[in-house]
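Read off the chains here:
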Amino acid sequence: MSREKYNQVFDLLEKHHKWFSESIPLIASENIPSPAVREAYASDFGNRYAEGWPGERVYAGCKFIDEVELITIDLAKKLFNAEFADVRPISGVCANLAVYSAFTNPNDTMMALPIPSGGHISHGQKKFSGTAGLVHGLNIEYFAFDREEMNIDVDQSKQRIEKLIENNNKPTFAMFGGSLFLFPHPMKELKDFLQSHDIFICYDSAHVSGLIAGKQFQDPLREGAQTMTLSTHKTLPGPQGGMVLSFDKYAEDIKKSVFPGNTSNHHLHSVAGKAIAFAEMIEFGEEYSVQTVKNARALAEALSSKGIVVLGEKNGFTASHQIAVDVSKYGDGGKFEHELEEANLIANRQLLPGDIKAGRDYKRPGGIRLGSSEVTRLGMKESEMQEIANFIHRIIVKKETPENVKKDIIEFRSQFTKVHYAFETLSDAYKYIKIR
Ligand SMILES: *Cc1c(COP(=O)(O)O)cnc(C)c1O
């Protein structure tokens, strides 16, 4: 019985790999790391403990781990032009928690975006089980959001903050960045105002850190952010993990907050994978990011030319890897997420601004969010975005059966087997690695 289950798990893993090698991966928060990153990730580092900072560990056995972690830190600082990097947070949420713990107290008020306007659950209120509210006891107030611009409204946000100050509820912390994130946030424009009120500025670049590293999005540490948190596996094509970047003057507070505050052991195989990914990004990141943004725009334009509503049209649909498609004319995001998946096109449903007021919820929202980073890493360019738009149109508008479209998707995908923008591209992107 246990042997049967054991075999079954490996069967399922192999099936997953095969399925992904025949699918179009458009989840905006996912990516495919290089074979080199996967090799580092599979190493024995993942079985060790190295609590603390390199050279000051609580455990023995760390001499090579320490060297790797110091290289990872150096590469991170170089890639993001940062004075300080803590590469230990094991996820983006963990990085945010470390920053909340370092720079706020429970009951403080934080400015952030609500989820339908792009905020992440880790910026959320306690009543939604958001990390900031539930775990660190922060009160969350919202920036004003302009749906036409698909961005934070600077003047109205200032007015809201002034009102909060009048009501003795002065925010102490402002969180920029988000999960539905089409255009750079106006942090430069709000920086002086926030600083004049002694409001600490953090920028959550979980989604866009790869684009920032490739110099194709805003540069938070130069635009007013005092700290920057990120995931290492979204547009940044590393292993799953997190990171905090900042300035030397905040380093000690961040270090204590990461360890022992918010992690005991950090994931050392992930640290090694981060180093490999950062090295590849220093070499290939700009080229990859340029193509990623071009592809997102091309996909938006292709869908829009077929009559499908894509948000942010006024500003060219997107300046990131993401596009937000309003499918409410044809059905709902939940239904289409399922049908697209049946056709081997992996994308996720998305709450759009205005959805809650219109009576929609996260199970049946009005939108689909599409991300271009993983298909870009598979070597796709603008002309392939046209083909992807066709597949989506056939399912959402023409109501073709997913089965029918799936055959064409499998054939289309068979031309793209390798990871690009990497030092070594020998093995197939989704190759199942057997070491038993
Ligand atoms: C994905 C995301 C996170 C969380 O990252 P994990 O690495 O999944 O913990 C945090 N903030 C934003 C804005 C995100 O989109």
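About the cut-offs
Residues numbered from 1 in each chain as written. Predicted model: local features only at pLDDT ≥ 70, side-chain atom pairs only at ≥ 80, totals over all residues. Heavy atoms only, no water. Helix = DSSP H or I, 4+ residues; strand = E, 2+ residues; numbered from the N terminus. Rg over C-alpha atoms; globule rule 2.2 N^0.38 Å. Buried < 20%, exposed > 50% of the residue type's maximum accessible area, 1.4 Å probe, protein only. Contact = heavy atoms within 4.5 Å. Areas by Shrake-Rupley, 256 points an atom, 1.4 Å probe, with all protein chains shown as cover. Lys, Arg positive; Asp, Glu negative; His and termini not counted. Charge placed at Lys NZ, Arg CZ, Asp CG, Glu CD. Near = heavy atom within 4 Å. Polar contact = N/O pair within 3.5 Å; in protein donor to acceptor, adjacent residues only side chain to side chain. Nonpolar A, V, L, I, M, F, W, Y, C, P; charged D, E, K, R; others polar. Axes fitted to C-alpha atoms, helices over the stretch in contact; angles between N-to-C directions. Parallel < 35°, antiparallel > 145°, perpendicular 65-115°, else oblique. Left-handed = near helix turned anticlockwise from the far one by under 90°. Patch = residues over 30% accessible without salt bridge, like charges linked within 9 Å, V, L, I, M, F, W, Y side chains within 5 Å. Salt bridge = Lys/Arg side-chain N within 4 Å of Asp/Glu carboxyl O.

(A) How the structure looks around the overall build of the protein. Broken down by element type, the protein carries 14 helices and 17 strands. Here the C-alpha atoms of the protein give a radius of gyration of 22 Å, agreeing with the 22 Å that 2.2 N^0.38 yields for 436 residues. Counting only C-alpha atoms and orienting by the principal axes, one finds that the protein spans roughly 60 × 55 × 45 Å. A burial count over the protein gives 57% of its 436 residues as buried. A separation threshold of at least 6 residues defines the contact pool for the protein, and within that pool the share at least 24 residues apart is 74%. For the protein, the exposed area adds up to about 18900 Å²; of that, 49% sits on carbon and sulfur atoms. Taken together, the 51 basic and 57 acidic charged side chains of the protein have centroids lying 4 Å from each other.

(B) Representation of the site of the ligand within the structure. Close to the ligand lie 14 residues, the nearest being Gly-92, Val-93, Ser-179, Asp-204 and Lys-234. Here Ser-91 contributes a side-chain N or O atom positioned 3.3 Å from an oxygen atom of the ligand. Measuring from an oxygen atom of the ligand, one finds a side-chain N or O atom of Lys-234 at 2.9 Å. With the chains in place, 86% of the 380 Å² that the ligand exposes on its own is no longer accessible. Of the residues belonging to the shell around the ligand, the class tally is two nonpolar, ten polar and two charged.

(C) Just the packing of helix α11 (residues 333-342) against helix α13 (residues 382-396), in detail. Orientation of α11 relative to α13, taken along the N-to-C sense of each, is 120°, at an axis distance of 10 Å. Classified by the angle their axes make, α11 and α13 are oblique. The element α11 and its partner α13 pack so that their crossing is right-handed. Contacts between α11 and α13 pair Phe-336, Glu-339 and Leu-340 from the former with Ile-392, Ile-395 and Ile-396 from the latter. Each residue belonging to the contact of α11 with α13 can be placed in one class, and the counts come to five nonpolar, no polar and one charged.

(D) Seen up close, a nonpolar patch on the surface. Nonpolar side chains collect at one region of the surface, where Tyr-49, Val-58 and Tyr-59 lie side by side and expose about 300 Å² of accessible area between them. The residue Tyr-59 is located in the loop between β3 (56-57) and α3 (63-80) in this model.

(E) Molecular detail of the pattern of salt bridges. In the structure shown here, the tally under the stated rule is 15 salt bridges. In this structure, Arg-364 and Asp-332 form a salt bridge, with 2.9 Å as the shortest nitrogen-oxygen distance. Here Arg-364, found in the loop between β16 (348-350) and β17 (367-371), pairs with Asp-332, found in the loop between β14 (322-326) and α11; they are 32 residues apart in sequence, far enough to count as distant. Among the charged side chains, a salt-bridge network with shared partners connects Arg-57, Asp-66 and Glu-69.

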